[in-house]
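Single-letter residue listing:
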Amino acid sequence: MTLLDGKKTSEVIQDEIAAEVAQIKANGGKTPHLAAVLVGNDGGSVTYVNNKVLTCERIGFGSSLIRYEDTVTEEELLNKIKELNEDEGVDGFIVQLPLPKHINSNKVIEAIDPKKDVDGFHPTNVGRMVAGLPAYLPATPAGILELLKRYNIETLGKHCVVIGRSNIVGTPMSILMSKCSYPGESTVTICHRNTVNLAHHTRQADILIVAVGKPGLVTADMVKEGAVVIDVGTTRVPDASRKSGFRLRGDVDFENVAEKCSYITPVPGGVGPLTIAMLMMNTLKAAKKEVYS
Ligand code: L34
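Let me begin by describing the structure that accompanies this report.

About the criteria used
- Residues numbered from 1 in each chain as written.
- Predicted model: local features only at pLDDT ≥ 70, side-chain atom pairs only at ≥ 80, totals over all residues.
- Heavy atoms only, no water.
- Helix = DSSP H or I, 4+ residues; strand = E, 2+ residues; numbered from the N terminus.
- Rg over C-alpha atoms; globule rule 2.2 N^0.38 Å.
- Buried < 20%, exposed > 50% of the residue type's maximum accessible area, 1.4 Å probe, protein only.
- Contact = heavy atoms within 4.5 Å.
- Areas by Shrake-Rupley, 256 points an atom, 1.4 Å probe, with all protein chains shown as cover.
- Axes fitted to C-alpha atoms, helices over the stretch in contact; angles between N-to-C directions.
- Left-handed = near helix turned anticlockwise from the far one by under 90°.
- Near = heavy atom within 4 Å.
- Polar contact = N/O pair within 3.5 Å; in protein donor to acceptor, adjacent residues only side chain to side chain.
- Nonpolar A, V, L, I, M, F, W, Y, C, P; charged D, E, K, R; others polar.
- Phe/Tyr/Trp six-rings, centres within 6.5 Å; stacked < 30°, edge-to-face > 60°.
- Pairing = 2+ DSSP bridges.

Before going further, it helps to spend a moment on the overall build of the protein chain. Scanning the protein chain from N- to C-terminus turns up 10 helices and 11 strands. Here the C-alpha radius of gyration of the protein chain, 19 Å, is about what a compact globule of 293 residues would show, namely 19 Å. Expressed as lengths along the three principal axes of its C-alpha atoms, the size of the protein chain is roughly 50 × 40 × 35 Å. Burial status across the protein chain gives 49% buried among its 293 residues. When contacts within the protein chain are restricted to residue pairs at least 6 apart in sequence, those whose partners lie at least 24 apart make up 71%. Accessible surface computed for the protein chain: about 13,700 Å², of which carbon and sulfur atoms make up 50%.

The interhelical angle for the contact between helix 6 (residues 139-150) and helix 7 (residues 170-178), taken along N-to-C directions, is 40°, at an axis separation of 9 Å. The two elements helix 6 and helix 7 cross, and the hand of that crossing is right-handed. Across the interface between the two elements, Pro-141, Ile-144, Leu-145 and Leu-148 from helix 6 touch Pro-172, Met-173, Leu-176 and Met-177 from helix 7.

This part is about the site of the ligand. In the vicinity of the ligand there are 17 residues, among which Lys-52, Val-95, Leu-97, Asp-119 and Gly-269 approach most closely. At a separation of 3.2 Å, a nitrogen atom of the ligand approaches a polar side-chain atom of Gln-96. Here a nitrogen atom of the ligand sits 2.9 Å away from a polar atom, N or O, in the main chain of Leu-97. If the ligand stood free it would expose 680 Å²; the protein chains cover 83% of that surface. When contributions to the shell around the ligand are tallied by element, the ones reaching two or more residues are helix 2 (43-59) and helix 10 (271-287). In terms of residue class, the shell around the ligand is made up of eight nonpolar, seven polar and two charged.

This brings us to the packing of aromatic side chains. Applying the stated criterion to the full structure yields one aromatic pair. Aromatic side chains Tyr-136 and Tyr-292 sit 6.0 Å apart centroid to centroid with 45° between the ring planes, which places their arrangement in the tilted category. One end of the pair, Tyr-136, is in the loop between helix 5 (123-131) and helix 6; the other, Tyr-292, is in the segment after helix 10, and 156 residues separate them in sequence. For Tyr-136, a relative accessible area of 2% translates into the label buried. Under the relative-accessibility criterion, Tyr-292 is labelled buried at 15%.

Before going further, it helps to examine the sheet that holds strand 1 (residues 2-3). Spatial ordering of the open sheet is given by 1-11-8-7-5-6, a layout of six strands whose pairing is parallel. The open sheet terminates on both sides in strands that have one partner only, identified here as strand 1 and strand 6 (187-191). As paired elements, strand 1 and strand 11 (residues 263-264) share two bridges and run parallel to each other. Note on strand 11: the bridge partner recorded for Thr-2 is Tyr-263. Contacting strand 5 (159-163), strand 6 and strand 7 (207-210), helix 7 runs over the sheet at an angle of about 165° to strand 6.

Here's what the structure looks like:
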């Protein structure tokens, strides 16, 4: 079994980006700038966004963090997005999800200029991705592709089973794994809460990608010997022995599943850090006007 080391891979990618940024600056180019909008104080969201801002600093990007109480109105948020769309200093920006219930996330996402949508959530980028046109790919699926690529994992002709159909991970992941270029060329099955006999499907998987947010959902009996297992879940569960009072758990029963796998991602230190690295990659592309000229 080989551990897919997301933390290390993320650092390698960050170093590559940092070198390119240094080059851009040395040539008198503009410093890439990412802005992040964070609403409320959800512990996970605060951590992830802080990690994004810290990573910007580490690799030489400019960054701005715009925070709102969870009482912010949709109108205030839409006004900020308009401002960020027009701000020439900002190459790309994200609105961290989830948003409070009184705000329509789809409306917020649709307000973002697709050229600055480095999360790849705007329907224009989603459509362009599906059509195989240049687009910002959502960071988590892009991170998983990058991991498969950097560990030289064969995907052609493999059966890839994706559990979860979210707009952020499951749906784009399933599309990307079926594309006709590496990593892709897989036969894809999408499972979700109404799938009958989930284990029947997961046991057919050469590559199993789990993005549900239910700790321990995937047990050893559900996994084929030699499968590649990608665990996207990062749920905080209470843990009195930790100073923080919680620990992170993936959707996969790691201890027992790991013994059966050829490759597996840990949680933490798997897909999470790569999500951040790929957001940086998208921001660099935005600054270089690589996706939209
Ligand atoms: N707009 N909303 C928007 N864009 C995104 O790309 C996200 N996502 C998901 C939630 N909402 C979003 C993230 O940023 C999930 N996500 C994310 C990002 C980073 C990490 C996990 C999820 C991460 O860094 N995980 C670390 C542990 C961090 C910790 O200590 O809690 C890990 O090793 O898994």
